[in-house]
Amino acid sequence: MIEKWGYKVVDEVTWVKKTVNGKIAKGHGYYLQHAKESCIVGVKGNVHNNPRFRTNVASDVIFSERRGQSQKPTEIYEYIEKLVPNGFYL
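Residues numbered from 1 in each chain as written. Predicted model: local features only at pLDDT ≥ 70, side-chain atom pairs only at ≥ 80, totals over all residues. Heavy atoms only, no water.

Here's the deal with the pairing of strand S3 (residues 61-65)
Put simply, side chains in a regular strand alternate between the two faces of the sheet.
Item 1. By the alternation rule, side chains of S3 split into Ile-62 and Ser-64, which are all buried, and Val-61, Phe-63 and Glu-65, of which none is buried.
Item 2. Judged from the five bridges that link them, strand S1 (residues 7-18) and S3 form a sheet pairing that is parallel. Its bridge partner being in S3, Thr-14 is matched across the sheet by Val-61. (Buried < 20%, exposed > 50% of the residue type's maximum accessible area, 1.4 Å probe, protein only. Helix = DSSP H or I, 4+ residues; strand = E, 2+ residues; numbered from the N terminus. Pairing = 2+ DSSP bridges.)

Overview of the side chain of Lys-17
Item 1. Along the chain, the position of Lys-17 falls in strand S1.
Item 2. The buried category is assigned to Lys-17, whose relative accessible area is 16%.

Overview of the nonpolar core
Soluble, globular proteins show a tendency: their nonpolar side chains are buried together.
Item 1. Listed in full, the 11 residues of the largest apolar core are Val-13, Trp-15, Val-41, Val-43, Val-47, Phe-53, Ile-62, Ile-76, Tyr-79, Leu-83 and Val-84.
Item 2. A total of three residues in this core trace back to one element, the largest contributor, which is helix H1 (residues 74-83).
Item 3. The residues touching Tyr-79, leaving out its near neighbours within four places in the chain, are Val-13, Ala-58, Ser-59, Val-61 and Ile-62. (Core = buried A, V, L, I, M, F, W, Y, C linked by side-chain atoms within 4.5 Å. Contact = heavy atoms within 4.5 Å.)

Concerning unusual backbone geometry
Item 1. Phi is positive for Asn-56, close to 55°, though the residue is something other than glycine.
Item 2. Following the sequence through the fold, Asn-56 ends up in the loop between strand S2 (36-44) and S3.
Item 3. Even without a glycine there, the phi angle at Ser-70 is positive, about 70°.
Item 4. Mapped onto the secondary structure, Ser-70 falls in the loop between S3 and H1.
Item 5. Assessed through its relative accessible area of 55%, Ser-70 is described here as exposed.

Structural notes on the pattern of salt bridges
Item 1. Inspection of every chain in the model, using the stated rule, returns two salt bridges.
Item 2. The shortest N-O distance in the salt bridge between Glu-37 and Lys-17 comes to 2.8 Å. Residue Glu-37 is located in strand S2, and its partner Lys-17 is located in strand S1; the two are separated by 20 residues in the primary sequence.
Item 3. Exposure remark for Glu-37: the relative accessible area of 26% places this residue in the partly exposed category.
Item 4. In this structure, Glu-37 engages Lys-72 in a salt bridge whose closest nitrogen and oxygen atoms are separated by 2.9 Å. Pair noted here: Glu-37 is in strand S2 and Lys-72 is in the loop between S3 and H1, with a separation of 35 residues, a long-range link.
Item 5. Look at Lys-72 and you get partly exposed, because its relative accessible area is 29%.
Item 6. Overlapping salt bridges, with partners in common, bring together Lys-17, Glu-37 and Lys-72 in one network. (Salt bridge = Lys/Arg side-chain N within 4 Å of Asp/Glu carboxyl O.)

Encoded structure:
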């Protein structure tokens, strides 16, 4: 779907979910208990010649507590702002 929209996958961020006690959270899953989520990073056009897109801004792993249902960690929003300042993102 990403390619169909004209984007190229350039990286991925993994969020390892933790409990309030700092342990790895156990989630729901049929075969395995899911304790992580992935965020795919895609770019439209040539990332190397795009002045809007920053590189090498953060780690590809976030260790953060789970929040409410379907809420993502605040760090992922910080990553997005660092990668693509001034709101040129989807």
